[in-house]
Amino acid sequence: MAPTPGFIIDSGYQKSFQHPSLELTMLDKTIALLENRLGDQMADLVKKYGGTPFSAPALAEIPDIDPAHITELLKEWDLKPPDIFIFQTGVGVKALFAATDSLNLTDQLLGRLEAAQVVVRGPKPTAVLRSRNVRIDFSAKEPYTTDEVLFELDSVMLHGKRVVVQRYGETNWELQTALEGKGAQVVEIATYRWSLPENIEPLIKLMDALDRNEIDAVAFTSASQANNLFSVAQQAGRQETLKQPKSDGDRVDRPGLHCGAKQARH
């Protein structure tokens, strides 16, 4: 019998996992998780629905904040102050404040935040900002995805507004396109980027398990995870094997090689 076709889990994984059918879908199934930072939470959710998690982190967070760029931005904001700040991750907000602390520019940043509207995507950036006594004007609701951020901003006039977005890992093109579509001028602050983890052995073991049909689904929370999985497969000479269905009844997307609306191009 062909393996059960994989299902899709995107950045709104909590909402996806709450679907009533998942208790049956994951029961006695092995689910590969490529998430790193939220891997333990996702593993707990898999176990909650009777599944077995298989951890294979595909991303590493690498600091990517340029102090000189932060200094220039703050100077520029003296002349053209931002109207809205959007913070997407706690890790990124911590990195930003660590940079301004080292530059003795935190008071200046806090002043800009006080004069603008502040939007947060979830509880982690909220906690960091509140530790700095930053007022929060809009908080995305669960499951804390881009959709919820945009919902909070639905009634806000964005045309001609300068919107600063804290980037995480890679540009959130869905968010940027939506903001620019409403006439906003978007400025990104890079705080960290995603890279391959130093230890790629778990990804090799995942490919081995896929070859043995031991994995029922692979959960991705970003296209970068899929890209990195295929990059490791290419380095190991296993890219075509990873793509190849195992039987006539087994679809190419057998392990769920999709990431929401953004599919990895392989």
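Structure report, in brief.

**Looking at the environment of Arg-112**
Point 1. Topologically, Arg-112 is positioned in helix H6 (residues 106-115).
Point 2. Put simply, Arg-112 and Asp-83 are 29 residues apart on the chain and 9.0 Å apart in space, counted from C-alpha to C-alpha.
Point 3. Non-local contacts of Arg-112, meaning those with residues more than four positions away in its chain, are made with Trp-77, Asp-78, Pro-81, Pro-82 and Phe-85.

**Regarding the packing of helix H4 (residues 67-79) against helix H5 (residues 90-103)**
Point 1. Where H4 meets H5, the axes come as close as 10 Å, and the angle between the chain directions of the two elements is 80°. With respect to their mutual orientation, H4 and H5 come out roughly perpendicular. Judged by residue contacts, Pro-67, Ile-70, Thr-71 and Leu-74 of H4 engage Leu-96, Thr-100 and Leu-103 from H5.
Point 2. Residue composition of the contact of H4 with H5, by class: five nonpolar, two polar and no charged.

**What about unusual backbone geometry?**
Point 1. The omega torsion across Glu-142 and Pro-143 is 10°, close enough to zero to call that bond cis.
Point 2. Its location among the elements puts Pro-143 in the loop between strand E6 (138-139) and helix H8 (146-152).
Point 3. In this model, Tyr-144 sits at a positive phi of 65°, which is unusual for a non-glycine residue.
Point 4. Here Tyr-144 shows up in the loop between E6 and H8.
Point 5. With a phi close to 60°, Asn-213 is a non-glycine residue in the positive phi region.
Point 6. We classify Asn-213 as partly exposed; its relative accessible area is 38%.

**Comments concerning the sheet that holds strand E3 (residues 60-63)**
By definition, the strands of a sheet pair up through backbone hydrogen bonds, in either a parallel or an antiparallel sense.
Point 1. Strand order across the open sheet formed by six strands is E3-E8-E7-E4-E5-E6, with mixed pairing between neighbours. Each edge of the open sheet is held by one strand with a lone partner, namely E3 and E6.
Point 2. Against the sheet, helix H9 (residues 173-181) engages strand E4 (84-87), strand E7 (162-169) and strand E8 (185-195), with an angle of about 180° to E8.

**Notes on the sheet that holds strand E2 (residues 52-55)**
Point 1. Pairing within the open sheet is parallel, and its three strands lie in the order E2-E1-E9. On the outer flanks of this sheet lie E2 and strand E9 (217-219), each paired with one strand and no other. If you compare each strand with its neighbour and ignore which way they point, the axes differ by 30° on average.
Point 2. Pairing analysis gives four bridges linking strand E1 (residues 30-33) to E2, with the strands arranged parallel. Bridge assignment links Leu-33 to a residue of E2, and that residue is Ser-55.
Point 3. In this fold helix H3 (residues 39-48) packs onto E1, E2 and E9, with an angle of close to 170° to the strand it touches most, E1.
Point 4. On top of the sheet, helix H10 (residues 201-211) reaches E1, E2 and E9; it is set at about 130° to E2, its chief contact.

Parameters and conventions
Residues numbered from 1 in each chain as written. Predicted model: local features only at pLDDT ≥ 70, side-chain atom pairs only at ≥ 80, totals over all residues. Heavy atoms only, no water. Helix = DSSP H or I, 4+ residues; strand = E, 2+ residues; numbered from the N terminus. Contact = heavy atoms within 4.5 Å. Axes fitted to C-alpha atoms, helices over the stretch in contact; angles between N-to-C directions. Parallel < 35°, antiparallel > 145°, perpendicular 65-115°, else oblique. Nonpolar A, V, L, I, M, F, W, Y, C, P; charged D, E, K, R; others polar. Buried < 20%, exposed > 50% of the residue type's maximum accessible area, 1.4 Å probe, protein only. Pairing = 2+ DSSP bridges.

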